[in-house]
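# Analysis of the macromolecular model
These are the residues of each chain, in order.
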Amino acid sequence: MTDRGERIRALLEAAFAPQRLEIEDQSGRHANHGERMGLKPGETHYAVTMVAESLRPLSRVERSRAVHEALKAEFEGGMHALSLSLSAPE
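Remember, predicted model here, so these are calculated numbers, not experimental data.

### Quick word on the sheet that holds strand β1 (residues 20–25)
Reading across the sheet, the three strands line up as β1-β2-β3 and stay open at both edges, with mixed pairing between neighbours. The open sheet terminates on both sides in strands that have one partner only, identified here as β1 and β3 (81–87). Direction aside, neighbouring strands of the sheet carry axes that sit 10 degrees apart on average. In this sheet, β3 lies alongside strand β2 (residues 45–51) in parallel orientation, the contact comprising seven bridges. Following the sheet pairing, Val51 is matched in β3 by Ser87. Across the face of the sheet, helix α3 (residues 60–70) comes into contact with β2 and β3 while running at roughly 130 degrees to β3.

Set out below in structure tokens:
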């Protein structure tokens with residue numbers, strides 16, 4: 001089984017074909033946060049920076065909703081927080 005970061009990458013690449021995609025596991029910055037909420041340790045908090053032409057026609061809110069929808073299974077599987085920086089190429 002792959003780790004959550006790899007699954008996030010695969011899902012976002014399939015859904016958006018990004019020109020640039022950076023994924024950072026920030027779970028370590030939130031020590032015990034997830035555990036207090038009944039989540040397993042680690043792989044709970046991520047930051048995603050993505051540049052994709054497919055995002056161009058979408059508003060900022062629509063972009064965020066589209067990414068959350070693409071990662072719905074990860075949220076259902078214990079991902080707690082996602083910080084997003086989403087844009088179309090210049």
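### Considering the pattern of salt bridges
Under the definition given, this model contains five salt bridges. Of the charged contacts, one joins Arg7 and Glu74 as a salt bridge, the two residues approaching to 2.8 Å between their closest N and O atoms. With Arg7 in helix α1 (residues 4–16) and Glu74 in helix α4 (residues 72–76), this residue pair connects regions lying 67 residues apart in the sequence. Since its relative accessible area comes to 7%, Glu74 is described here as buried. Note that Glu13 and Arg9 form a salt bridge whose closest N and O atoms lie 3.9 Å from each other. Separated by four residues within a single helix, Glu13 and Arg9 lie in helix α1, roughly one turn from each other. Using a relative accessible area of 31% as the deciding quantity, one classes Arg9 as partly exposed. Three or more residues joined by partner-sharing salt bridges are found here, namely Arg4, Arg7 and Glu74.

Conventions adopted
Residues numbered from 1 in each chain as written. Predicted model: local features only at pLDDT ≥ 70, side-chain atom pairs only at ≥ 80, totals over all residues. Heavy atoms only, no water. Pairing = 2+ DSSP bridges. Helix = DSSP H or I, 4+ residues; strand = E, 2+ residues; numbered from the N terminus. Axes fitted to C-alpha atoms, helices over the stretch in contact; angles between N-to-C directions. Contact = heavy atoms within 4.5 Å. Salt bridge = Lys/Arg side-chain N within 4 Å of Asp/Glu carboxyl O. Buried < 20%, exposed > 50% of the residue type's maximum accessible area, 1.4 Å probe, protein only.

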